[in-house]
Structure formats: C-alpha cells, structure tokens
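Residues per chain are reported as follows:
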Amino acid sequence: MLFNLTLITCLSLFSTKDTLSCCVGENIPTRAGMIKSQIAQLKSKTTDKMILVEGGKFLMGSSNFEDSKPLHQVQLNSFYMDEHEVTNAQFAQFVKETGYVTVAERELDPKDFPGVDPKMLVPGSAVFSKPKELNSLNNYLMWWEYVPGANWQHPEGPNSSIKDKMNYPVVQVAYEDAAAYAKWAGKRLPTEAEWEYAARGRKDANDDLYYWGKDLKPNGKWTANIYQGKFPVQDSKEDGFEGTAPVKSFQANALGLYDMEGNVWEWCADFYRPDYYQHSTTANPKGPQDSYDPQEPNLEKRVQRGGSFLCNDQYCERYKAGSRGKGEVNSPTNNVGFRCVKDIK
C-alpha cells in the first residue's frame, strides 16, 4: 500500500521422464517409474501441471549483486513446482469459488494515507507507463503511474481487459493475494532457495550468468521475455512481446519449468533482508524472521524472483542468475505475478 501511497502522493532437478522407468527388454514399468508417473500431476483444486524438483545441493546467490553475496551451499528436500506462472484463468477460478477481493480492488483507508486528499484514495494500482522523454533513470516514478481501477482483471486500468488473455500470467497481485491463492489450491509460495534451485535446473549451472546458460541469446535467439530497446521509452520487441507474454511462450528449462526468468516477477515466501545470505541456514532455508530494506526501512518486503518484461541491462539486471528482487507486500504492479510449490508428503 505504501508504494501506492508514494505514487498517489507524487500525483497529488530432474524431468518426470525417467530413462530407467521401464525394465530393460520386457518393457514392464518399475515401481519407481509408476510412482513418478502418477505423482507428476498432483490433485488439487486447480488442474495445472506440477513438476517434480528432486532435492539436492547447489551454490546459491551471485557475486554480481551485493545482496546476493556470498555464494553459499544450500541443501533442499524434493518438492513440486507449478510448470508455469499462475494464469488469469486459474486466478479467475479461485475468485469465482471464493469471492476473494484482491488488495488492489479494496477501498483505501484514509488513516493509512495521512496528508493525502481523500478524493485521491480510490482503489487502483501501479502501472508501467512509458514517458514521452527521459533525462535520467534515477527516478522510477517517471515510468510508474498510480491508475485508479487497475487490478488483476484490468491490469493497465479500467479500459484494459484480460478477456483474451486467460493464458497470460495474472498480475496486479499483492503478496497477500498470492498467498491466499496458494492456500486455496492446497499449495504454498516457494522459498527463494527453492525458486533459485528450480530455476537453475541443472547440477552444473552454478557459474552461468543466466538461468538458461552463459549467453544472452543462445544461437541468436531470445529465450525470455525481457526489455529490448531504449528503456523505458522504446521497447523494440525483439523477443516478440511488449508487456507480458502468454505462459510457455519460450522454451522450458531442463526440468520442464517455463518462464523462470523474465515475463513477470514472482513472489516468494521469504522476508527480504540484503544481509540474509551472510548467516543463512544451509538446510531448507526459509528466510529471515523479519523484513528490512535500508532503502525503505519502514516497509515490509518479501523477496521476488526472476525479473520481468521490464528487465534490461540499462536499468534492471535482476533477471540474471542468482539475483534477488523485493516488493512491498501491499503494492501490486502489472509486472508481478507468482507460481506455487507443494511439499512431498
């Protein structure tokens, strides 16, 4: 809510395919192969596919970003992760069954916005808006606008719609919204350790600059929905998209997970602290006990991962491997979504 306040004020791993799942010569499925086949798609209130992420050890973090240091070894248990980001169709089913009202749709309490004209306090959210001209990248409010009526059903404002975008990732969801969906679906939000481990996808990926490998454009092709051109005034759309892309528009990683970089930021369960890696636990870390961001010490923030369609090397490189994002828990935007995980019982 406080990010929105700032804007208002300014306006005022393994694949499930197992090469040993059949007995040699007889084509009789093994016990392990049958179990993997049956649990690859879990029963829940949604029909989305989940991918088995086999537990193991990996080096977490990055030496390229201060809040991602130091590189440290982490060991995780196995878990399941949504094949792709939660879509508008999936979130719509959740809302239909529960009547849930998202943070961006709720009335604003004037007590939370002291000194702001009550006429300005209407439900809405932050939307990326291209400035006509830009002299500096130092003020992010130059390309963010608080839009009344912007919410998950109208991501860019009242005149926008998701009617023809049901297979796009849901956006304009605050942390509370994502957590509520996950609970309804019988799942949970991933820890950032689980998220990074799944995004890396390969045991030998610790030294890769990107989650897909060492090169920005393998074989000359874009492999993620990020920003090309002059940020934030001109998106050249070299990857084929301006704004969000339908889920599964790019090739999956080695585990079969889509869009683990770019498209939309994804909420994680962990509180954000820039120094957490200096004393993180090594086994199944779940983040610090509370939030602290020295840039905005009074705001509660959670980790976001993966970058979005707005990430680029001119301004935000946080789509790169091991990097971390952060978001104020009550401030949805049109470039933030989520995906869920589920424990193995």
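What you are looking at is a predicted structure, and each value in this text was computed from that prediction instead of being measured.

**So, the environment of Val122**
No. 1: Tracing the sequence through the fold places Val122 in the loop between helix H3 (88–98) and strand S5 (124–128).
No. 2: For Val122, a relative accessible area of 30% translates into the label partly exposed.
No. 3: Distance in space between the C-alpha atoms of Val122 and Pro148 is 6.1 Å, their sequence separation being 26 residues.
No. 4: Contacts of Val122, omitting those with residues within four sequence positions, involve Leu108, Tyr146 and Pro148.

**Focus on the sheet that holds strand S4 (residues 79–82)**
As a general point, the strands of a sheet are linked pairwise by backbone hydrogen bonds and lie either parallel or antiparallel.
No. 1: A sheet is described by the order of its strands in space; here three strands give the open sequence S1-S4-S13, paired in antiparallel fashion. Among the strands making up the open sheet, the edge pair consists of strand S1 (50–53) and strand S13 (341–343). Direction aside, the axes of adjacent strands within the sheet are offset by 30° on average.
No. 2: As paired elements, S1 and S4 share four bridges and run antiparallel to each other. Across the sheet, the residue bridging to Val53 is Phe79, located in S4.
No. 3: Helix H5 (residues 192–200) rests against S1, S4 and S13 of the sheet, and its axis sits at about 75° to S4.

**A short note on the side chain of His84**
No. 1: Among the structural elements, His84 can be located in the loop between S4 and H3.
No. 2: Each residue touching His84, except ones within four places of it in the same chain, is listed here: Gln90, Val247, Lys248, Tyr258 and Arg339.

**What about the sheet that holds strand S10 (residues 301–305)?**
No. 1: Overall, mixed pairing links the four strands, which are arranged S11-S10-S9-S12 in an open sheet. Here the strands that pair on one side only, and so sit at the sheet edges, are strand S11 (325–328) and strand S12 (336–337).
No. 2: Alignment of strand S9 (residues 265–271) against S12, held across two bridges, turns out to be parallel. Counterpart to Trp265 in the pairing with S12 is Val336.

**Some words on the packing of aromatic side chains**
In this description, an aromatic ring pair is defined by two values, namely the gap between the centres and the angle between the planes.
No. 1: The final tally for this structure, using the stated rule, is 22 aromatic pairs.
No. 2: Ring geometry for Tyr181 against Trp184: centres 5.4 Å apart, planes inclined by 55°, an arrangement best described as tilted. Of this pair, Tyr181 and Trp184 both sit in helix H4 (residues 175–184), three residues apart, which is roughly one turn of that helix. Neither residue differs from the other here; Tyr181 and Trp184 are each classed as buried.
No. 3: An aromatic cluster is built from Phe91, Phe94, Tyr100, Trp152, Tyr181, Trp184 and Phe338, whose rings are joined through pairwise contacts.
No. 4: Lying over the aromatic face of Tyr168, Lys165 brings its terminal NZ or CZ to 5.3 Å of the ring centre.
No. 5: Here the guanidinium or amino end of Arg302 rests over the ring plane of Phe271, the centre of that ring lying 3.8 Å away.

**Some words on the pattern of salt bridges**
No. 1: Per the counting criterion, the structure on display carries 22 salt bridges.
No. 2: Between Arg305 and Glu192 there is a salt bridge, and its shortest N-O distance comes to 3.0 Å. Here Arg305 is found in strand S10, whereas its partner Glu192 is found in helix H5, with 113 residues between them in sequence. The same class applies to Arg305 as to Glu192, namely buried.
No. 3: Put simply, Lys326 and Asp293 hold a salt bridge, and the shortest N to O gap is 3.0 Å. Linking Lys326 in strand S11 with Asp293 in the loop between S9 and S10, this pair joins segments that are 33 residues apart in sequence.
No. 4: Under the relative-accessibility criterion, Lys326 is labelled partly exposed at 28%.
No. 5: For Asp293, a relative accessible area of 1% corresponds to the buried category.

Reading the values: the criteria
- Residues numbered from 1 in each chain as written.
- Predicted model: local features only at pLDDT ≥ 70, side-chain atom pairs only at ≥ 80, totals over all residues.
- Heavy atoms only, no water.
- Helix = DSSP H or I, 4+ residues; strand = E, 2+ residues; numbered from the N terminus.
- Buried < 20%, exposed > 50% of the residue type's maximum accessible area, 1.4 Å probe, protein only.
- Contact = heavy atoms within 4.5 Å.
- Pairing = 2+ DSSP bridges.
- Axes fitted to C-alpha atoms, helices over the stretch in contact; angles between N-to-C directions.
- Phe/Tyr/Trp six-rings, centres within 6.5 Å; stacked < 30°, edge-to-face > 60°.
- Lys NZ or Arg CZ within 6 Å of the ring centre and 35° of its normal.
- Salt bridge = Lys/Arg side-chain N within 4 Å of Asp/Glu carboxyl O.

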